[in-house]
Amino acid sequence: MVMPAQDVSAPLPWPDSVLDERLHTLAERRYHHRHPFNLRMHEGALTRAELRLWVLNRFHYQRNIPIKDALILAKLPSRELRRVWIRRIHDHDGAPDGDGSDGGIERWLRLGEAVGLDRDALLSGEGVLPGVRLAVDGYVGFCRTSSALEAVASSLTELYAPELMATRIAAWERHYPWVDPEGLRYFQVRVGQGRRDSEEALALVHAWARTREDQERVLAAFTFKCEVLWALLDAVEKACELSGAAPDD
Ligand SMILES: O=C(O)c1cc(C(=O)O)c2c(n1)C(=O)C(=O)c1cc(C(=O)O)[nH]c1-2
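So, how was this worked out
- Every chain is numbered independently, its residues counted from 1 as its sequence is written.
- Reporting of local features is limited, given that this is a predicted model, to residues whose pLDDT is at least 70; pairs of side-chain atoms are given and counted only at 80 or more, and all residues count toward the totals for whole chains, interfaces and linings.
- Excluded from the side-chain calculation are hydrogens and water; included are all heavy atoms of the structure.
- Here a residue is near a molecule or strand as soon as one of its heavy atoms is found within 4 Å of it.
- In the analysis that follows, any N or O atom pair within 3.5 Å is treated as a polar contact, provided that within protein one partner can donate a hydrogen and the other can accept it, and provided that, for residues neighboring in sequence, both atoms belong to side chains.
- Methods summary: accessible areas were calculated by the Shrake-Rupley approach with a probe of 1.4 Å, and residue burial reflects only the protein chains presented.
- Only protein atoms enter the calculation, which uses a 1 Å grid: trapped sets of points that fit a 1.4 Å probe without letting it out are cavities, open sets showing protein on both sides within 12 Å along at least five of seven lines are pockets, and any residue with an atom within 4 Å of a point is a lining residue.
- For this analysis, a molecule is said to be in a pocket or cavity if more than half of its atoms are within 2 Å of the grid points defining it.
- Here a helix means four or more residues in a row that DSSP labels H or I, a strand means two or more in a row labelled E, and each is numbered from the N terminus.
- In this classification, the charged set is Asp, Glu, Lys and Arg, the nonpolar set is Ala, Val, Leu, Ile, Met, Phe, Trp, Tyr, Cys and Pro, and all remaining amino acids, among them Gly, are polar.
- Grid points are joined across faces, edges and corners, and a volume is the space filled by probe spheres set on the points.
- Partly exposed residues are those whose accessible area sits between 20% and 50% of the maximum for their type, while under 20% is buried and over 50% is exposed, using a 1.4 Å probe and protein chains only.
- Under the pairing criterion, centres of Phe, Tyr and Trp rings, with the six-membered ring standing for Trp, must be within 6.5 Å; the plane angle then separates stacked pairs below 30 degrees from edge-to-face pairs above 60, leaving the rest tilted.
- By definition in these notes, contact holds between two residues if any of their heavy atoms fall within 4.5 Å.
- What counts as an axis is a line fitted to C-alpha atoms, over the stretch in contact for a helix, and the angles between N-to-C directions run from 0 to 180 degrees.
- When an angle is under 35 degrees it counts as roughly parallel; over 145 it counts as roughly antiparallel; between 65 and 115 it counts as roughly perpendicular; any other value is oblique.
- For a crossing to be left-handed, the near helix must be turned anticlockwise from the far one by less than a right angle; the clockwise case is right-handed.

Participant: Please clarify how the site of the ligand should be interpreted in this entry.
Facilitator: Around the ligand sit 20 residues, and of these Y31, K68, Y139, Y186 and K225 come closest. Y31 is positioned with one of its side-chain polar atoms (N or O) 2.6 Å from an oxygen atom of the ligand. Measuring from an oxygen atom of the ligand, one finds a side-chain N or O atom of R58 at 2.8 Å. When the ligand is considered free in solution it has 470 Å² of accessible area, and contact with the protein chains removes 100% of it. In a pocket analysis with a 2 Å cut-off to the grid points, the ligand is assigned to the largest cavity. Of all the secondary structure elements, the ones that give two or more residues to the shell around the ligand are α3 (48-73), α9 (161-175), α10 (185-208) and α11 (212-243). Of all the elements, α3 adds the most residues to the shell around the ligand, at five residues. Of the residues in the shell around the ligand, the class split is nine nonpolar, five polar and six charged.

Participant: Would you mind going over empty space enclosed by the protein with me for this structure?
Facilitator: Empty space among the atoms becomes visible once a probe the size of a water molecule is rolled across them. Under the defined criterion, the tally for this structure stands at three cavities of 30 Å³ or more. For the largest cavity, the calculated volume is near 250 Å³. Taken together, 22 residues line the largest cavity, and the ones lying closest to its centre are Y61, I65, E158, R190 and K225. Counting residues per element, the ones that place at least two in the lining of the largest cavity are α3, α4 (79-93), α9, α10 and α11.

Participant: Sorry, what's going on with the layout of surface pockets here?
Facilitator: Approximately 180 Å³ is the volume found for the largest pocket. Along its surface, the largest pocket is lined by H24, A27, E28, Y31, H33, H42, Y160, E163, L164 and T167. Contributions of two or more residues to the lining of the largest pocket are made by α1 (16-30) and α9. Split into classes, the residues belonging to the lining of the largest pocket amount to four nonpolar, four polar and two charged.

Participant: Could you clarify how one ought to interpret the environment of E28 in this entry?
Facilitator: On the secondary structure map, E28 appears in helix α1. Here E28 falls in the partly exposed class, since its relative accessible area comes to 37%. In this structure, the C-alpha to C-alpha distance between E28 and E50, residues 22 residues apart in sequence, is 26 Å.

Participant: How do you make sense of the packing of aromatic side chains when you look at a structure like this?
Facilitator: Given two aromatic rings, one states the distance between the centres and the angle between the planes to describe the pair. All told, the structure shown has twelve aromatic pairs when counted by the stated rule. Ring centres of Y31 and Y160 lie 6.0 Å apart, and the angle between their planes is 55°; this geometry places the pair in the tilted category. Residue Y31 is located in the loop between α1 and α2 (36-42), and its partner Y160 is located in the loop between α8 (148-154) and α9; the two are separated by 129 residues in the primary sequence. In this structure, Y31 and Y160 share a single accessibility class: buried. Relative to F222, the ring of Y160 has its centre 6.2 Å away and its plane inclined at 70°; by these criteria the two rings are edge-to-face.

Participant: Help me understand the environment of F187 in this model?
Facilitator: Counting through the fold element by element, F187 comes out in helix α10. By relative accessible area, F187 is classed as buried at 0%. On a C-alpha basis, the gap between F187 and W108 in space is 9.0 Å, while along the polypeptide they are 79 residues apart. When residues no more than four places from it in sequence are discounted, the contact partners of F187 are W54, W108, L111, M165, R168 and I169.

Participant: So what exactly am I meant to see when it comes to the packing of α4 against α10 here?
Facilitator: When two helices pack together, their arrangement is captured by the angle between the axes and the distance separating the axes. Contact geometry for α4 and α10: axes closest at 12 Å, N-to-C directions at 155°. Relative to α10, the element α4 is oriented roughly antiparallel. The two elements α4 and α10 meet at a crossing, and its hand is left-handed. Contact residues: L81, V84, W85, R87, R88, D91 and H92 in α4; Y186, R190, Q193, R196, D197, E200, A201, L204 and W208 in α10. Here the contact of α4 with α10 is built from residues that sort into seven nonpolar, two polar and seven charged.

From the geometry alone we can't say anything about function, so treat these as descriptive.
Here it is in structure tokens:
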């Protein structure tokens, strides 16, 4: 019997713990918790107009999350996996037998109202910055064209979102008391959902990334996603600089 030739020079896969460590090192440097806009948000330095601009632009990201999750769903090979993943769409759009009022998109619309933005204004998409559109389109396109492993790996930034959201909730309560606290509900609910979703995604990545090449692809997908989040905030920060809003506006 002819044995397939083995590439003895191919590097061995890392243990899961080493892959996790590499993700962590990347996040430390490149996740958007370090972005200057988030730092300004946390220290209470944003004007009302700046906070509103962020809420309006992040809504564009939020409303595209279930769309990219539907693209990932279509790549999953088993009903067991699809049954688990479909819950992410319901988390944002609302339960299938409801009217959407229990979903994350509705909670984000309420966050908009809490900062003084009309829900029709958010739904119209008017005011979404070109850079935000490109960043979000980039994320959705990545999930459309990449492998299931890479698309799932790109969601792993959520490993770091719950801690950032806890910081955000505390900062908003302290520095932006004019925001109706009901608006913070989106983040309060998302902390638990984000923990669960990212742990599920990490378990899939561990199971699927069998070679060093797969693992390198995971790191590249994660880096790309950090860049999506970073580019979104770059666009918002630049618009703040250009508008030069007065501190008490
Ligand atoms: O506010 C944040 O900092 C933040 C970050 C992220 C993230 O790291 O991708 C998500 C969210 N929020 C979020 O609310 C959310 O629903 C979400 C879904 C995903 C994803 O990639 O599937 N990321 C995130």
